[in-house]
Structures are given as C-alpha cells and as structure tokens.
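Working through the structure, step by step
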Amino acid sequence: LSTGVPARLNVLVHDQGTQLGVAVRPRGVTLTPAGFPIPIEEVGGAFQVSLALADGQELPEILNVAWEHVTGRVSGGDVVSRGAVWPSDPDEGTTLYVYIDASDLALSPPLVKAIPASIREVYETFDPQGVVRNAKVTLVGGPHDVDPQLFVEVGQLDGSISAMHVDYRMRLEGIQGS
C-alpha cells in the first residue's frame, strides 16, 4: 500500500499504554489474503486497524482489523464485503467474521482451489461450470477452530451453470432454480 492510500490516525494515551486506530481507504489495490489462492483486485473501501502499545513495548500489537462495504473483483466477478479479524496468541487460531456478497463469479480452477478440501470433494463430484450470478458467503472462525466454517448460499440459478456427476457422464446445461 505504498501508493498514497488516504489514512487517518487516532491516538488515545492512558495509564496502561497507548491505543491507536488507523482508518484507511484504499482504491484500486490488489490484496492476496493468507490462505486464499486468488488475488482480490480493484479493492476499495473503508478499513479500520486497531493497535495497542503497552508501556515499554517497542512494537504495537494488532488488536483487530475491520472493514465495511469494501468492494473488489475476484474470478471475473464483483464482491462486496464486511467483516473483522482478531489476531491471537501463537497457540490459538485467528478469530474472524467475513461476509461477502458476490456476483458474476466464474467457476474457474483458481476459485475451486479456494474451496476447503472437505467441500471441494463434493463440489468436484458434480463438476459445475459456468458463472454464479449471485452468492452470499459467510466465513466464521474462532480461536480454537481448526478451520473456519464456510457458508455459501446461491439464491437463484438462471441457466448460467451446467453440471455433470462423475458417475453419469451426461452434462446438464442451463440449470435453473433455487
């Protein structure tokens, strides 16, 4: 983010140390979140980073990162997201809540690779192809979860998806319904 991203810094000094709040509004940047194999391009929106600096501590501790109405492009489609991530101690996992409203996502090999392995096996059984017009994705994980929970809702299929079960080599085209 060395391209001149607008930012605002709030500082609160108290007896235990200093708390910092950094608000940034990037536009047109590319992000590649850890564990997600596809870059998110043309990212724009509001991010808030909360930090704490205890007395005597050299580097601040990240308390959380939150975002609201952040837009971007993934797999040929548009996404709008809000959420928060709370880093944790080394012996715990990260706590996160991510909500994504996606449209016009191509079911590309990189997107399929982004699906957790346990879900990908079921997905690959039906070999869907095409473009998902609208989907809602929720990702929730706590500090003791091995993997976050993934919820995907595809409301209405408008004929832009085809599928073929691996045991029955006949592709169903133009699937519609909900």
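Predicted model, so just to flag it, every value in this text is computed and none were measured.

Conventions and cut-offs
- Residues numbered from 1 in each chain as written.
- Predicted model: local features only at pLDDT ≥ 70, side-chain atom pairs only at ≥ 80, totals over all residues.
- Heavy atoms only, no water.
- Helix = DSSP H or I, 4+ residues; strand = E, 2+ residues; numbered from the N terminus.
- Rg over C-alpha atoms; globule rule 2.2 N^0.38 Å.
- Buried < 20%, exposed > 50% of the residue type's maximum accessible area, 1.4 Å probe, protein only.
- Areas by Shrake-Rupley, 256 points an atom, 1.4 Å probe, with all protein chains shown as cover.
- Lys, Arg positive; Asp, Glu negative; His and termini not counted.
- Charge placed at Lys NZ, Arg CZ, Asp CG, Glu CD.
- pLDDT = per-residue confidence, 0-100.
- Salt bridge = Lys/Arg side-chain N within 4 Å of Asp/Glu carboxyl O.
- Patch = residues over 30% accessible without salt bridge, like charges linked within 9 Å, V, L, I, M, F, W, Y side chains within 5 Å.
- Pairing = 2+ DSSP bridges.

**Things to note about the overall build of the chain**
Within the chain, the regular secondary structure consists of 2 helices and 11 strands. For the chain, the N- to C-terminal ordering of α and β elements is β-β-β-β-β-β-β-α-α-β-β-β-β. For the chain, the C-alpha radius of gyration of 20 Å lies well beyond 16 Å, the compact-globule estimate for 178 residues. Buried positions account for 28% of the 178 residues belonging to the chain. Element-wise, carbon and sulfur atoms account for 57% of the exposed surface of the chain, whose accessible area totals about 11500 Å². A gap of 10 Å separates the mean positions of the 11 positive and 22 negative side-chain charges of the chain.

**Details of the confidence of the model for the chain**
Per-residue pLDDT for the chain averages 88, and the proportion of residues at 70 or more is 97%. When pLDDT is averaged over each element of the chain, strand 6 (residues 77-86) comes out on top at 96 and strand 11 (residues 172-177) at the bottom at 83.

**A look at the pattern of salt bridges**
For the structure shown, the criterion picks out 5 salt bridges. The closest approach of N and O atoms between R73 and D78, which form a salt bridge, is 2.6 Å. On the basis of relative accessibility, which here comes to 29%, the residue R73 falls in the partly exposed class. When its relative accessible area of 35% is taken as the criterion, D78 is described as partly exposed.

**Here we look at a nonpolar patch on the surface**
Among the surface-exposed residues, W86, Y97, V140 and F151 lie close enough to one another that they form a single nonpolar patch of about 360 Å² accessible area. Assignment of secondary structure puts W86 in strand 6.

**Considering a negative patch on the surface**
On the surface, a cluster of negative charge is made up of E61, D89, D91 and E92. Counting through the fold element by element, D91 comes out in the loop between strand 6 and strand 7 (95-106). For D91, a relative accessible area of 70% translates into the label exposed.

**Describing the pairing of strand 4 (residues 40-54)**
For strand 2 (residues 17-24) and strand 4, the ladder comprises 8 bridges, and the chain directions are antiparallel. If you follow Q19 over to strand 4, its bridge partner there is A52. Of the pairings in the sheet, the one linking strand 3 (residues 27-31) to strand 4 comprises 3 bridges and is antiparallel in character. Residue pairing for strand 4: R27 is matched across the bridge by G44. In the sheet, strand 4 pairs with strand 5 (residues 61-74) via 9 bridges, with the strands oriented antiparallel. Along strand 5, the bridge assignment pairs S50 with N64. The loop that links strand 4 with its antiparallel partner strand 5 comprises 6 residues; one of these, G56, has a positive phi angle of about 85°.

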